[in-house]
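Structural overview for review
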Amino acid sequence: MKRLMTIQDISCIGKCSLTVALPIISSMGIETAIVPTAVLSTHTQFPNFTFRDLTDDLEPIKNHWKSQGFEFGTIYTGYLGSQRQIKIVSDFFDTFGSKDNYIVVDPAMAEDGVLYPGFDSHFAKEMKKLCAKANIILPNISEACLMLGEPYPGEDASIEFLQELLKKLVALGCDTAVITGVSFSDGTLGFLGYHKKNKEFFHYGTEKIPYRSHGTGDVFSSTFSGALTKGLSIEEALKVAADFTCACIKNTYKDPEHVTYAVNFEAEIPYLLKLLSITPSE
C-alpha cells in the first residue's frame, strides 16, 4: 500500500484540513500519515474556537519517523500556522523528500487578496521559500500574488496576467505551478498550470456553481495529492480533483439541509472512486 504524509491542522468540526484530507486520501486506498500542527475545536469561521498549538510536537514526530526508516510516496502540506512551523516543515522536506517522491504545497494563507488573520508579509515570504522546495504548488490567485509581491487583480484576472504569475512561480524553484480558482471565458471555473521543464501551460474548468464554502481548497488539494500518489499524471490528478470538488459543491448546493460551513464531500466519495476506477474492495 502506498503511503502519503500530510502536514496541517485538525479542526474538529468544520470539514477542512486533516478532517478532509484523511478520509479522502484513505478512501483511495492510501495509507495516510498525519502530522497535526494544531487542534482547533472548529475551523476559524466559528466564533470563540479553541486552539492548541502543536508546534513543539513536530520535531519529535519527524525524528521518530526518521529513526524508523519510514518512507512516503507524497508529502502534502496545507494550512500552517506560523513561520516557525514553515521552517520545521522545510526540515521534513529535507528529511523525507527524495527524487522518487512528490512534495506538494498548498500555501493556504489568503483569499480575496487578503492574508488570513494572524499572517503578515513575513509569513508570505517564508511560504515562498517553502514553495521553492516543492515539486508542485497549488496557490489561489491571492496567494500567488502575495508570495510574488504582485498587486492583486481580483478573482477575474486575465489569463495573460496569470500566465506571467505562473512563470514567476516556477522560477522560485518548483517544477509545476498551478493557480486554482481561475474563471475562464466560457463561464467555467478551474485551474491554470505551467510545467517548467517543457514550458507548457495547461488548464481545465468545471461548472461554476453559485455557492462558496469553506474547505473546498482542502478537498481539491487532498484529492489531487491522493490521485497523484495513486499513479495518475499531474494533469490527470488535477482533473480528478476539479471534478470531485465540483461534485461536492453541487451536492451541498442542492441539499436543502446543507451545512453552511463546509461541503458534503462524504456523500460524493463513491463518485471519487468512480473517477479513479476504484471499487471499495480494492
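The sections below set out a description of the structure shown in this document. Source: prediction; values computed, not measured.

**Considering the nonpolar core**
Core analysis: the largest hydrophobic core is formed by 46 residues, its most contacted members being Met 5, Val 105, Met 109, Met 127, Leu 169 and Ile 179. When residues of this core are assigned to their parent elements, the largest contribution, 6 residues, is made by helix 3 (residues 83-96). If we skip the residues at most four places from it in the chain, Met 109 touches Val 114, Leu 115, Tyr 116, Phe 119, Phe 123, Ala 124, Met 127, Glu 143, Leu 146 and Met 147. Leu 138, Phe 220, Phe 224 and Cys 246 belong to the second-largest nonpolar core, a separate cluster that totals 37 residues.

**Looking at the pattern of salt bridges**
Tallying each qualifying case throughout the model produces 10 salt bridges. For Lys 15, the salt bridge identified is with Glu 266, shortest N-O distance 3.2 Å. Placement of Lys 15 in the loop between strand 1 (3-13) and helix 1 (18-27) and of Glu 266 in the loop between helix 8 (234-254) and helix 9 (269-275) is noted, with a sequence separation of 251 residues between them. For Lys 15, a relative accessible area of 17% translates into the label buried. Residue Glu 266 is classed as partly exposed on the basis of its relative accessible area of 43%. Notably, a salt bridge pairs Lys 250 with Glu 207, separated by 2.8 Å at the nearest N-O pair. Here Lys 250, found in helix 8, pairs with Glu 207, found in the loop between strand 11 (200-206) and helix 7 (216-229); they are 43 residues apart in sequence, far enough to count as distant. Overall, Lys 250 belongs to the partly exposed group, its relative accessible area being 28%.

**Comments concerning helix 3**
With 14 residues, helix 3 extends 20 Å from end C-alpha to end C-alpha; this agrees with the ideal 20 Å at 1.5 Å per step. Taken together, the buried positions of helix 3 are occupied by Gln 85, Ile 86, Ile 88, Val 89, Ser 90, Phe 92, Phe 93 and Phe 96.

**So, the pairing of strand 9 (residues 176-183)**
Put simply, side chains in a regular strand alternate between the two faces of the sheet. Across the 8 residues of strand 9, 7 count as buried, placing the element largely inside the fold. The pairing of strand 8 (residues 136-137) with strand 9 spans 2 bridges and is parallel. Bridge assignment links Ile 137 to a residue of strand 9, and that residue is Ala 177. As judged from the 7 bridges shared by strand 9 and strand 10 (residues 189-195), these two strands associate in the antiparallel manner. Of the residues in strand 10, the one forming a bridge with Thr 176 is His 195. The antiparallel pairing of strand 9 with strand 10 creates a hairpin that spans 5 residues between the two strands, and Gly 187 there sits at a positive phi of about 90°.

Conventions we followed
- Residues numbered from 1 in each chain as written.
- Predicted model: local features only at pLDDT ≥ 70, side-chain atom pairs only at ≥ 80, totals over all residues.
- Heavy atoms only, no water.
- Core = buried A, V, L, I, M, F, W, Y, C linked by side-chain atoms within 4.5 Å.
- Buried < 20%, exposed > 50% of the residue type's maximum accessible area, 1.4 Å probe, protein only.
- Helix = DSSP H or I, 4+ residues; strand = E, 2+ residues; numbered from the N terminus.
- Contact = heavy atoms within 4.5 Å.
- Salt bridge = Lys/Arg side-chain N within 4 Å of Asp/Glu carboxyl O.
- Expected span 1.5 Å × (residues − 1).
- Pairing = 2+ DSSP bridges.

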